[in-house]
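# Structure at a glance
Each chain is listed here by its residues.
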Amino acid sequence: QVQLVESGGELVQAGGSLRLSCAASGRTFRTYAMAWFRQAPGKDRSFVATINGSGGSIYYADSVKGRFTISRDNAKNTVYLQMGSLKPEDTAVYYCAATASSDWSMGFPSKYGYWGQGTQVTVSS
């Protein structure tokens, strides 16, 4: 069982930066691939970025490639999402997710069994 708690979401101006954190419970954190998803009002939850257990393999959605960076600190049981050059269309609730599935890199929400409660990111124009 993994419990996830996100933090760091806030109101920021377009072009600004923000770092989200996701703290995980449990002693097996490094055995889980971790991901960030987001959900804007009226839209489906969409994939943002994912990272494997060791941190050596990472994938991004095209919409955030070059602007966002996912990383993890297994000693602190924490995964991060550094967001830069933010745009109004990045406004959404951002969710942290964990999976032990071998399909972790596909970015499908259904492959992730553990979710945080979400943190709101609002980018003003």
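Higher on the page you've got the structure.
A few points on the structure. Remember, predicted model here, so these are calculated numbers, not experimental data. (Residues numbered from 1 in each chain as written. Predicted model: local features only at pLDDT ≥ 70, side-chain atom pairs only at ≥ 80, totals over all residues. Heavy atoms only, no water.)

### Points about the overall build of the protein chain
Here is the rule we go by: In DSSP terms, a helix is any run of H or I states spanning at least four residues, a strand is any run of E spanning at least two, and both are numbered starting from the N terminus. Accessibility here uses a 1.4 Å probe with only protein chains present; expressed as a share of the type maximum, an area under 20% marks a residue as buried, one over 50% as exposed, and anything in between as partly exposed. Contact between two residues is taken to exist if any of their heavy atoms lie within 4.5 Å; hydrogens are not considered. In this description, accessible areas are obtained by the Shrake-Rupley approach with a 1.4 Å probe, and a residue is regarded as covered only by the protein chains that are shown. Counted as positive: Lys and Arg. Counted as negative: Asp and Glu, with His and the chain ends omitted from the count. Charge positions come from single atoms, namely NZ of Lys, CZ of Arg, CG of Asp or CD of Glu.
If you tally the helices and strands in the protein chain, you get zero helices and 11 strands. In sequence order, the secondary structure elements of the protein chain are arranged as β-β-β-β-β-β-β-β-β-β-β. Taking the principal axes of its C-alpha atoms as reference, the protein chain extends roughly 40 × 25 × 25 Å. Taken over 125 residues, the protein chain has a buried fraction of 46%. Residue pairs in contact within the protein chain that sit at least 24 positions apart in sequence constitute 59% of those at least 6 positions apart. Summing over all exposed atoms, the protein chain offers an accessible surface of approximately 6300 Å²; the carbon and sulfur share of this is 46%. For the protein chain, the centre of its 12 positive side-chain charges and the centre of its 8 negative side-chain charges are spaced 6 Å apart.

### Here's the deal with unusual backbone geometry
In this model, Asn77 sits at a positive phi of 55°, which is unusual for a non-glycine residue. Within the fold, Asn77 resides in the loop between β7 (68–73) and β8 (78–83). What makes Asn77 buried here is its relative accessible area of 17%.

### Observations regarding the pattern of salt bridges
As a reminder of what qualifies: Salt-bridge detection follows one rule: a side-chain nitrogen of Lys or Arg within 4 Å of a carboxyl oxygen of Asp or Glu.
On inspection of all chains with the given rule, the structure shows four salt bridges. Between Asp62 and Lys65 there is a salt bridge, and its shortest N-O distance comes to 3.1 Å. One connected set of salt bridges, linked through shared partners, spans Arg38, Arg67 and Asp90.

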